[in-house]
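# Structural overview
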There are 2 protein chains.
Amino acid sequence: MKTPICDMLGIDIPLLAFSHCRDVVAAVTNAGGFGVLGASSHTPEQLEEELAWIDDHVGGKPYGADIVVPEKFAGKGQKLTPEQLQGMVPEAHRRFVADLLMKHGIEASPENVVEAFGSGMTDDIGDRLLDVALRHPIELIANALGVPPTFMIDRAKAAGIPIAALVGAKEHAIKQVRAGVDILIAQGTEAGGHCGEVTTMVLIPEVIEAIEPIRRVPVLAAGGIVTGRQMAAAVALGAAGAWTGSVWLTTPEAETAPHTVRKMLHASSRDTVRSTGRTGKPSRQLRSNWTEAWAADGSPEALPMPLQSLISEPSLRRIDKLAENGDEGAQALATYWVGQGVGLMNTARPARDVVLTMAEDYLDAVQRLTDSLAD
Amino acid sequence: MKTPICDMLGIDIPLLAFSHCRDVVAAVTNAGGFGVLGASSHTPEQLEEELAWIDDHVGGKPYGADIVVPEKFAGKGQKLTPEQLQGMVPEAHRRFVADLLMKHGIEASPENVVEAFGSGMTDDIGDRLLDVALRHPIELIANALGVPPTFMIDRAKAAGIPIAALVGAKEHAIKQVRAGVDILIAQGTEAGGHCGEVTTMVLIPEVIEAIEPIRRVPVLAAGGIVTGRQMAAAVALGAAGAWTGSVWLTTPEAETAPHTVRKMLHASSRDTVRSTGRTGKPSRQLRSNWTEAWAADGSPEALPMPLQSLISEPSLRRIDKLAENGDEGAQALATYWVGQGVGLMNTARPARDVVLTMAEDYLDAVQRLTDSLAD
C-alpha cells in the first residue's frame, strides 16, 4: 500500500501501533506496519533495555517511541519530590479510595492508598528519555499529550526524525502545526485513554480542513480503529493512515492483566466510559465500579495530573492482582484504558495476525467502494 | 453509483436525507438521492398537504416518510388530553423555565411556560399519519425512535413498502431485525437529535456483525455525515449508504430559524452537546444557555417524554423569534438539533448543490483509496 505516511516512514501498511509492550512493537513493525513504544512510564534505564531489545528483533525495520510530556500538571517546574507530590493529595480523596476498596472487601487505610507514581511526567525526565531514544535508530517521536515541549521538537528536528503529536480538536491541531510538528494524530472521542469529545468521523475532515491554510502535514486517524475496514474509512476521510492502540491489548504479546483481557473480549462498545477517575483528565476505559464511583453524585472531583494517578495507579495495580486470583470485589473494580472498538475485539490473536487481517479487510473495503461505482 | 440501497430504493446516490421541509425532500430526490419527510409534528391534514406537494414536484422519483412513534412515553396508552398532559408538568419545572427566561430578560411566569405539544406522539395519531402516507407513492417508511409498533410494520409489509428503523446500539439492532424491519439506520453519538453513546466509526461494523447471524439487512450509516468523503467512509465500514439530517438545516430550502442557521455556520464540532433539556431523552443540539442550564448542578432532572417538550418547545419557539429580532438573551438561549458535523457546515448552499458536491467528494475518496493500493 502507498499513502503519504508509507513513504514518510518507509512502511508497507499505513498502520501505526502504540503499545507499552516491546513485543507488540516488534511484531507490528515486522509485519509491515509501524510499532511505537509507549515510554512514558519507563525509567531511562528501562527504556534503554527495551529499545535495545527491539533493535535486536526488527532487523533494521522502522519503529518509533512515544514520550509523553504534558503541557500542564500540578507541580510542573517546581521539581517536587515524590514525597512532596504525595503530600498534595487531600485527605478526603485518600479516604474516598480507602472506603471504595473496603466496600469491595479490599483492606485499605487512607494512609496506604497513595504511592509515588507519575514521576516520569516532568520536562527533566522527558529530556533524559529522549537522550536514550535518540541513541537508537527510531524513525518517529510521538507526544501523546498537548504540544510537545520546544526542546523535544528542536532535538527531533536536529536528529532528522519526524515528530508526531496527538490532538482531539481542530483548535489543538492548529496550535500543533504552528509549533512545528510533522505528523498529526487526530484522535476521536471513541479512543482509549485521553480523548476529547469529537468523534473520529467528524474530527479527521475537520482537522484536515483547519490546518490546510497553515501547513499540510499527514494526519493519522485514531479512535475506535481496530479493523481494516475502519482503516479504509480513515483513508476515505483523508487520513494518511491509522494510529491504533486498543486492538493490541488483547494480543498474547501484550502485558494486559489476564482478567482485563477477558473483560475486553466480552465487552461491547457501550462498556467503556470517558472518566477522570484514573489520571484526572478524561480518559476512556472499561466501565467498572471504579469509574462509576468517581462519577457518582457526592464523590470528590478528580485531582489534577499527576495527583490522581498517585491514588489510582497503586490501587488499580493491586486490584488487577486480586482480580486475577478470583477476588470478586476486585473484578468489579478492575478497569483499563480501551476505546469503543473493544466491541469489535472478540478473539485474542497474535499481533502479526492482527496486522495481516487488517490489511486484508482494508483491501475488501476498497473493493466494496470500487464496486459501488460499477454500473 | 450502486449499493444495495440504490437497488432497493431505485436511487442513483446512496444518500438519504431526513428533513421536516418538503422542499429539501423534493430537492434531494430530484438530485438522485432519497428525501424522507419527517412527519412527526404534522397533523394528518398537514401531512396530506405536504405529500401532495412533494408528489407534484418529484415527477415520480422515490421518497419516503418518517413517522415517529416512541416505544415508551408518559401517558402512553392512557389517551390523555393535552390538558391532562400539561397537568403532569411539576411546578418546580415550570418555575425553573420561567426563571431561566427571566434571567435572560424574557418575560415569563410559571403558568404560561407550558403549552400543548407532542400530541403527535401516540399510537392513534401514528396510525392516522400512516393512513395518509400510504395514500401517496412513498417508497420507505422510517421510524426514528425505538422498535416500530407492530401495526406499523404490518401495514408497511402489506403495502410492500420497506420499513426502516433507527438504532444507536447493537442490542437495539438485534431487536429491530427480529421485529422485522427491512433497513437499519445505525446512528452514532455524533448525530443531531436523539442519539446513543457509540460513535459511527465503531457502531456500523458492530451492528453489521451483530445482525449477521439473524438476518442480513442493509445498514445505513448516520451520525456526523455531511460530506461525500464521510459517505465513502460509511461504505468502507460496510454500510449500504448514508442517512443524513444536519447538513440540510443550513440550506435555503430548510425552515431553520435564520439566527440558528448563522450559529450553525459558525459552530465547530465542539459546539454541540448531548442534552436531555429538549425532549427528556439525550439529544444532540447546539450548546447554548438552555442546554447549559439543564446540565447545571442543582437544576431539575428533565421530564420523561413528551412532558419535557411541553415546557421546552413553546419557550424555544418564542426564543427563536426574539433571537431573530436581535434579543441578546434569546440569542444566548437559542438552540436546535444538529450533529457534530456542524463543524464542517460552513457555507449555506442549495440542497441540490449539497447532493452533487457530496457525490463528487465521494468519487474523490474512492480514488484516494484506489491510489493507496498503487505501487
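Source: prediction; values computed, not measured. (Residues numbered from 1 in each chain as written. Chains lettered and ligands numbered in written order. Predicted model: local features only at pLDDT ≥ 70, side-chain atom pairs only at ≥ 80, totals over all residues. Heavy atoms only, no water.)

### Some points on the domain arrangement of chain A
Residue and element names in this part refer to chain A. This is how the line gets drawn: Domain ranges listed in this record stem from an automatic or a database domain assignment. By buried area we mean the combined loss of accessible area, with a 1.4 Å probe, across both parts when two parts are placed together. Here a salt bridge means any side-chain nitrogen of Lys or Arg lying within 4 Å of a carboxyl oxygen belonging to Asp or Glu. Only Asp, Glu, Lys and Arg are considered charged in this grouping, and only Ala, Val, Leu, Ile, Met, Phe, Trp, Tyr, Cys and Pro are considered nonpolar; every other residue, Gly among them, is considered polar.
What the domain assignment reports for chain A is domain 1 (4-73 + 121-253 + 350-371) and domain 2 (82-116 + 255-333). Distance from the C-alpha centre of domain 1 to the C-alpha centre of domain 2: 27 Å. Note on domain 1 versus domain 2: buried area summed over both sides is about 1,300 Å², and carbon and sulfur give 61% of it. Scanning the region where domain 1 abuts domain 2 turns up zero salt bridges. Of the residues that constitute the side of domain 1 that touches domain 2, the class distribution is seven nonpolar, six polar and three charged.

### Some points on a negative patch on the surface
So the rule is basically this: To count toward a patch, a residue needs a relative accessible area over 30% and no salt bridge; like charges are then connected within 9 Å, while nonpolar side chains (Val, Leu, Ile, Met, Phe, Trp, Tyr) are connected within 5 Å. Computed with the Shrake-Rupley method and a 1.4 Å probe, the accessible areas treat only the protein chains shown as cover for residues. Within this scheme the basic residues Lys and Arg register as positive and the acidic residues Asp and Glu register as negative, but His and the chain ends are omitted. Here the site of a charge means NZ on Lys, CZ on Arg, CG on Asp, or CD on Glu. Strands are runs of DSSP state E lasting at least two residues, helices are runs of H or I lasting at least four, and both sets are numbered from the N terminus onward.
A contiguous patch of negative charge, built from A:D297, A:E301, B:D297 and B:E301, is present on the exposed surface. Along the chain, A:D297 falls in the loop between helix 12 (289-295) and helix 13 (307-324).

### Observations concerning the sheet that holds strand 9 (residues 241-244) of chain A
Residue and element names in this part refer to chain A. Defined as follows: By the convention used here, strands pair only if DSSP detects at least 2 bridges between them. Each axis is a line fitted through C-alpha atoms, taken for helices only over the stretch in contact, and angles between the N-to-C directions span 0 to 180 degrees.
Sheet architecture is closed into a barrel: eight strands sit in the order 1-2-3-4-5-6-8-9, paired in parallel fashion. Neighbour to neighbour, the strand axes of the sheet diverge by 25 degrees on average, direction disregarded. As defined by bridge partners, strand 2 (residues 34-38) adjoins strand 3 (residues 63-66) across four bridges and the pair is classed as parallel. For V36, the partnering residue across the bridge sits in strand 3 and is G64.

### Side note on the interface of chain B and chain A
As a reminder of what qualifies: Contact definition: two residues touch when any of their heavy atoms are within 4.5 Å. Residues adjacent in sequence count toward polar contacts only when both atoms are side-chain atoms; beyond that, a polar contact is any pair of N or O atoms within 3.5 Å, and within protein one must be able to donate a hydrogen and the other to accept it.
Taken together, the contact between chain B and chain A spans 50 residues of the former and 50 residues of the latter. Interface area for chain B against chain A, summed over the two sides, is near 4,100 Å², with a carbon-plus-sulfur share of 63%. For chain B, the biggest contributors to the area lost against chain A are B:M201, B:R270 and B:L369; these three give 17% of the whole. The interface formed by chain B and chain A contains two salt bridges. A:R270 is paired through a salt bridge with B:E171; the nearest N and O atoms lie 3.1 Å apart. For the pair chain B and chain A, the interface holds 22 residue pairs in polar contact (both at pLDDT 80 or more).

### Re the relation of the copies chain B and chain A
For clarity, the cut-off: We superpose the copies by least squares over the C-alpha atoms of residues that have a pLDDT of at least 70 in both of them.
Take chain B, turn it by 180 degrees, move it 0.0 Å along the axis, and it overlays chain A with an RMSD of 0.0 Å. Here the two chains are linked by the operation of a two-fold rotation axis. It is B:A233 whose C-alpha, among those of chain B, lies nearest the rotation axis, at 2.0 Å. Take the interface residues of chain B: 100% of them recur as interface residues in chain A, which is what a same-surface contact looks like.

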